[in-house]
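Here is what each chain is made of, one letter per residue.
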Amino acid sequence: MAALTQRFSRYALAAALSAVCAGAVAEESLTVISFGGAYGAAHKQHMVDPFMKDTGTKILMDSYSGGIAEMKAQVESGRITWDVVSIEAIDLERACSEGLLEVIDHSKLPAGIDGKPAAEDFFPEALASECAVATDIFSVVFAYNKNTIGSAVPQSVADIFDLNKIPGKRAFQKRPQVALEWALMADGVAKDKVYEVLATDEGQARAFAKLDTIKKDIVWFDSWSQAPQLLNDGGAVIVQSANGRFYDAIRRENKPFVIVWDGHLYDMDVWSVMKGTPKKDLAMKFVSYSTESKPLAGMADVAYGPTRKSSMPLLEKDVVANLPTSHLDVGLNANSEFWADYGETLGEKFNEWLLKK
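Attention here is on the structure that accompanies the text. The structure displayed is predicted, hence computed values, not measured ones. (Residues numbered from 1 in each chain as written. Predicted model: local features only at pLDDT ≥ 70, side-chain atom pairs only at ≥ 80, totals over all residues. Heavy atoms only, no water.)

Listing the buried residues of helix H4 (residues 89–97) in full gives Ala89, Ile90, Asp91, Leu92, Ala95 and Cys96. Contacts made by the buried residues of H4 are with strand E3 (84–88), strand E8 (257–273) and helix H15 (336–355). Just downstream of H4, glycine 99 is the residue with a positive phi angle, here 75°. (Buried < 20%, exposed > 50% of the residue type's maximum accessible area, 1.4 Å probe, protein only. Helix = DSSP H or I, 4+ residues; strand = E, 2+ residues; numbered from the N terminus. Contact = heavy atoms within 4.5 Å.)

This next bit is on the state of the cysteines. Following the criterion strictly, the structure yields 1 disulfide and no others. Through a disulfide, cysteine 96 is tied to cysteine 131; the S-S separation comes to 2.0 Å. Residues cysteine 96 and cysteine 131 are joined through a disulfide that is right-handed, its torsion about the S-S bond being 60°. In this pair, cysteine 96 is assigned in helix H4 and cysteine 131 in the loop between helix H5 (118–121) and strand E4 (133–145), connecting sequence segments 35 residues apart. Judged by relative accessible area, which is 17%, cysteine 96 ranks as buried. The class for cysteine 131 is buried, based on a relative accessible area of 2%. (Disulfide = S-S within 2.5 Å.)

Turning our attention to empty space enclosed by the protein. Evaluated as defined, the whole model comprises 3 cavities of 30 Å³ or more. Reported here for the largest cavity is a volume of approximately 120 Å³. Contributing to the lining of the largest cavity are 13 residues, with Glu88, Ile90, Phe138, Val140 and Val178 lying nearest its centre. Split by residue class, the lining of the largest cavity holds 7 nonpolar, 3 polar and 3 charged. Put simply, the second largest cavity is a space of about 80 Å³. Taken together, Phe35, Tyr39, Glu88, Phe138, Trp224, Ala242, Arg245, Asp269 and Tyr304 form the lining of the second largest cavity. Grouping the constituent residues of the lining of the second largest cavity by class yields 6 nonpolar, no polar and 3 charged. (1 Å grid on protein atoms, 1.4 Å probe; cavity = no way out; pocket = protein on both sides within 12 Å on 5 of 7 lines; lining within 4 Å. Points joined across faces, edges and corners; volume = space filled by probe spheres on them. Nonpolar A, V, L, I, M, F, W, Y, C, P; charged D, E, K, R; others polar.)

On to unusual backbone geometry. Unusually for a residue other than glycine, valine 178 sits at a positive phi of about 75°. Looking at the secondary structure, you find valine 178 in the loop between strand E5 (170–173) and helix H7 (179–186). For valine 178, a relative accessible area of 6% translates into the label buried. The backbone of asparagine 254 sits at a positive phi, close to 55°, despite the residue not being glycine. Residue asparagine 254 is classed as exposed on the basis of its relative accessible area of 67%.

What follows is about the packing of aromatic side chains. Across all of its chains, the model carries 20 aromatic pairs by this definition. When the ring of phenylalanine 35 is compared with that of tyrosine 64, the centres are 5.1 Å apart and the planes differ by 25°; the resulting orientation is stacked. Taken together, the positions of phenylalanine 35 in the loop between strand E1 (29–34) and helix H2 (37–55) and tyrosine 64 in the loop between strand E2 (58–63) and helix H3 (69–77) put the pair 29 residues apart, joining distant regions of the chain. For the pair phenylalanine 35 and tyrosine 64, a shared accessibility class is recorded, and that class is buried. (Phe/Tyr/Trp six-rings, centres within 6.5 Å; stacked < 30°, edge-to-face > 60°.)

As paired elements, E1 and E2 share 6 bridges and run parallel to each other. Pairing of threonine 31 across the sheet is with leucine 60, part of E2. (Pairing = 2+ DSSP bridges.)

With that settled, the discussion passes to the packing of helix H9 (residues 201–212) against H15. Remark: H9 packs on H15, axes separated minimally by 12 Å, with the N-to-C direction vectors making an angle of 35°. The two elements H9 and H15 meet at a crossing, and its hand is right-handed. Counting all contacts with H9, which are made through Asp201, Gln204, Phe208, Leu211 and Asp212, the residues of H15 involved are Tyr342, Leu346, Lys349, Phe350 and Trp353. Looking at the contact of H9 with H15 residue by residue, the classes come out as 6 nonpolar, 1 polar and 3 charged. (Axes fitted to C-alpha atoms, helices over the stretch in contact; angles between N-to-C directions. Left-handed = near helix turned anticlockwise from the far one by under 90°.)

You can see aspartate 159 is positioned in helix H6 (residues 157–160). Each C-alpha atom, one on aspartate 159 and one on serine 326, is 22 Å from the other, the two residues being 167 residues apart in sequence. Leaving out residues up to four positions away in the same chain, aspartate 159 has contacts with Val153, Pro154, Lys165, Ile166, Arg170 and Ile238.

This paragraph deals with the pattern of salt bridges. One pass over the structure, following the stated rule, counts 16 salt bridges. One salt bridge connects aspartate 49 with lysine 44, and the closest N-O pair in it is separated by 3.1 Å. The partner of lysine 72 in a salt bridge is glutamate 98, with the nearest N and O atoms 3.4 Å apart. In this pair, lysine 72 is assigned in helix H3 and glutamate 98 in the loop between H4 and H5, connecting sequence segments 26 residues apart. The partly exposed category is assigned to lysine 72, whose relative accessible area is 30%. By sharing partners, the salt bridges in this structure join Lys72, Arg94 and Glu98 into a single network. (Salt bridge = Lys/Arg side-chain N within 4 Å of Asp/Glu carboxyl O.)

What follows concerns the environment of isoleucine 104. Within the element layout of this structure, isoleucine 104 appears in the loop between H4 and H5. Placed 168 residues apart in sequence, isoleucine 104 and serine 272 show a C-alpha to C-alpha distance of 8.1 Å. Setting aside residues no more than four positions away along its own chain, isoleucine 104 makes contact with Glu130, Cys131, Ala132, Val133, Trp271, Met284 and Val287.

Right, let's talk about the packing of H4 against H15 for a bit. Packing of H4 against H15 brings their axes to within 8 Å, and their N-to-C directions diverge by 65°. Between H4 and H15 the crossing geometry is right-handed. Taking contact as the criterion, the partners of Ala89, Ile90, Glu93 and Arg94 in H4 are, on H15, Ser336, Glu337, Trp339, Ala340 and Glu344. Split into classes, the residues belonging to the contact of H4 with H15 amount to 4 nonpolar, 1 polar and 4 charged.

Okay, here's the thing in structure tokens:
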């Protein structure tokens, strides 16, 4: 009996050790959510793959179309399946204020490649939220296809709304952001007054009325990845997207697309950590690693500007002209605080407007 007991104890100990080891392996894995396409590929090449190689961590990478609905569902249900999420700043304020994200200690971020402390090396806006570290500066622009546009080409936001000058379909992402700002710009509102006007009932009515003028010619899509295809196949003559989507198609596939920078809305994408993830420490380690100078410089692959000053000397010179930072004078900084305050209301109004004939 003693021998059996001793043998059983050894088996029990082995099983326990096996369970501990399995738990340790499970802890060394992360689920990282990005936006797919060329953008997600840049994350994978310059951040995810090097982190896996250097740390031995297994990363499961997936994509989504933005917004906070899935994050909210996970946190409210207590079933967290995402660890690190790439979020557009336009959604960040709401996600942070609603308690969907962990607070990130920016003082623990590593210094730049030149030794400059992170607080001095990052552009100030990159660390503006306690729930995030910005990875890149991007813009929402519109573009046309030289082979399908016709004799008149768009040069301004106003041209998007001029069906007489440029007939044909327009393609927008199915959300009120950007569409409403462009509507007011096209209706004569100065860029620096757009959010002031859009905060009023009259301004909102004015924006929707302007959208009414092209409503029958708008093709709505869900994901930025659909935009280049719509422009290539002639599904629309003017298409909205993140600038990197078009740049990638132009550079890698030699597509005859032309980006128009007038009225572009520029902002930052960020890494955030899901509230309640059991892998919080490892997630924070990934965020720190992936926002060092060299990984951030890799985002220029898709024409997004890095958020650290020390990354700039690492960029190829021929890419600089295609970065949003080279066109800020004709753009508008997307106001994430405005959308945090008005996003839900305008989202409801937008959905109601879509249903109207």
